[in-house]
Amino acid sequence: LKINLNGRDETVPALLENDPLLFVLRDGFGLNGPKFGCGEATCGACLVHVDGVALPSCQLTCADVAGRQVVTLEGLGAGHKDGLHPVQHAFLVHSVPQCGYCQNGQVMAASALLAANPRPDEPAVAAAMDPVLCRCGTQTRIRAAIHAAARAMAEVA
Ligand code: FES
Ligand code: FES
């Protein structure tokens, strides 16, 4: 199977076509940004971008993404200043993470949101981010960082 992974064409053995993409990313490619949380599409810890849309990699097989563009947290900053996507930069500035376990999902959901909607209002942010759980209660900082990233991206554009 051919997958474009973080901008590179990669080959996945056909033997793994029905394996969860999350496991192949982590165990096969050493991409540990996406995390295993619930394994049933309810926490968002495993989000990756598939053709620009944030999707739970625990629910995708390798065959599902054959011929498509997959971006993980590791590839998100490519082409951005200091190798950090503006969302990643804003999360650092706002000291968003606590334990950090959910943060892959938060960053991948937020960056997909801003790609589709560069100046989201609060309801739009809530709708995009509510599916990504955080047990540490960082939601207030997450939302502040998303709006800061949106402002930064508007200044660059
Ligand atoms: S591990 Fe995939 S949504 Fe929770
Ligand atoms: S920072 Fe700990 S679960 Fe979100």
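What you are looking at is a predicted structure, and each value in this text was computed from that prediction instead of being measured.

S.K.: What is the right way to look at the pairing of strand β1 (residues 2-5) in this model?
M.R.: Each regular strand carries side chains that alternate between the two faces of the sheet. Bridge analysis of β1 against strand β2 (residues 8-11) gives 4 bridges, and the strand direction is antiparallel. Along β2, the bridge assignment pairs Leu5 with Arg8. Two successive antiparallel strands, β1 and β2, enclose a turn made up of 2 residues, where Asn6 displays a positive phi of approximately 50°. Looking at chain direction, β1 and strand β5 (residues 69-71) are connected through 2 bridges and run parallel. Across the sheet, Leu5 pairs through a bridge with Val70, a residue of β5.

S.K.: What am I meant to see in the packing of aromatic side chains here?
M.R.: Here a ring pair, both rings aromatic, is described through the centre-centre distance and the interplanar angle of the planes. A complete count under the given rule lists 1 aromatic pair for this structure. Ring geometry for Phe23 versus Phe36: centroids 6.1 Å apart, planes at 40°, classification tilted. With Phe23 in helix α1 (residues 21-29) and Phe36 in the loop between α1 and β3 (47-50), the pair connects residues that are 13 residues apart, well separated along the chain.

S.K.: Would you take a moment to explain the packing of helix α3 (residues 103-116) against helix α4 (residues 122-129) for this structure?
M.R.: The packing of two helices is summarised by the inter-axis angle and the distance between the axes. At a minimum axis distance of 9 Å, the contact between α3 and α4 shows a crossing angle of 135°. In terms of orientation, α3 and α4 fall into the oblique class. In the packing of α3 onto α4, the handedness of the crossing is right-handed. Residue-level inspection shows Gln106, Ala109, Ala110 and Leu113 of α3 in contact with α4, the latter providing Ala124, Val125, Ala128 and Met129. A breakdown of the residues in the contact of α3 with α4 according to their chemical character gives 7 nonpolar, 1 polar and no charged.

S.K.: Help me understand the pairing of β3, please; the structure alone is not making it clear to me.
M.R.: In β3, alternate side chains face the same way, and those of Leu47 and His49 on one face and Val48 and Val50 on the other are all buried. One ladder, built from 4 bridges, connects β3 with strand β4 (residues 53-56); its direction is antiparallel. The partner of His49 across the bridge, within β4, is Ala54. Counted between consecutive antiparallel strands, the loop separating β3 from β4 contains 2 residues, among which Asp51 sits at a positive phi close to 50°. Pairing analysis gives 2 bridges linking β3 to β5, with the strands arranged antiparallel. Bridge pairing links Val50 to Val70 in β5.

S.K.: Explanation requested: the sheet that holds β3 in the structure shown.
M.R.: Strand pairing within a sheet occurs via backbone hydrogen bonds; the two strands may be parallel or antiparallel. A sheet is described by the order of its strands in space; here 5 strands give the open sequence β2-β1-β5-β3-β4, paired in mixed fashion. Since the sheet does not close on itself, it has two edges, and those belong to β2 and β4, each with one partner. Averaged over all neighbouring strand pairs, the angle between strand axes comes to 40°, with direction disregarded. Lying over the sheet, α3 contacts β3, β4 and β5, oriented at roughly 30° with respect to β3.

S.K.: Quick question: what am I supposed to make of the packing of α3 against helix α5 (residues 139-156) here?
M.R.: For the pair α3 and α5, the least separation of the axes is 11 Å and the interaxial angle reads 40°. The orientation of α3 with respect to α5, classified from their angle, is oblique. Along this stretch, α3 crosses α5, giving a crossing that reads as right-handed. For the pair α3 and α5, contact is made by Gln106, Ala110, Leu113 and Leu114 and by Ile142, Ile146, Ala149, Ala150 and Met153, respectively. Grouping the constituent residues of the contact of α3 with α5 by class yields 8 nonpolar, 1 polar and no charged.

S.K.: I keep staring at the pattern of salt bridges and nothing clicks. Help me out?
M.R.: Oppositely charged side chains can form a pair if their charged atoms are brought close together. Scanning the model with the defined rule gives 5 salt bridges in all. With a shortest N-O distance of 3.6 Å, Arg8 and Glu10 are connected by a salt bridge. In this structure, Asp51 engages Arg68 in a salt bridge whose closest nitrogen and oxygen atoms are separated by 3.2 Å. Here the residue Asp51 occupies a position in the loop between β3 and β4, and Arg68 occupies one in the loop between β4 and β5, the gap between them amounting to 17 residues. Taking the relative accessible area as the measure of exposure, Asp51 reaches 45% and is therefore partly exposed. Within this structure, Glu122, Asp130 and Arg143 form a network of salt bridges that share partners.

Basis of the calculations
Residues numbered from 1 in each chain as written. Chains lettered and ligands numbered in written order. Predicted model: local features only at pLDDT ≥ 70, side-chain atom pairs only at ≥ 80, totals over all residues. Heavy atoms only, no water. Pairing = 2+ DSSP bridges. Helix = DSSP H or I, 4+ residues; strand = E, 2+ residues; numbered from the N terminus. Phe/Tyr/Trp six-rings, centres within 6.5 Å; stacked < 30°, edge-to-face > 60°. Axes fitted to C-alpha atoms, helices over the stretch in contact; angles between N-to-C directions. Parallel < 35°, antiparallel > 145°, perpendicular 65-115°, else oblique. Left-handed = near helix turned anticlockwise from the far one by under 90°. Contact = heavy atoms within 4.5 Å. Nonpolar A, V, L, I, M, F, W, Y, C, P; charged D, E, K, R; others polar. Buried < 20%, exposed > 50% of the residue type's maximum accessible area, 1.4 Å probe, protein only. Salt bridge = Lys/Arg side-chain N within 4 Å of Asp/Glu carboxyl O.

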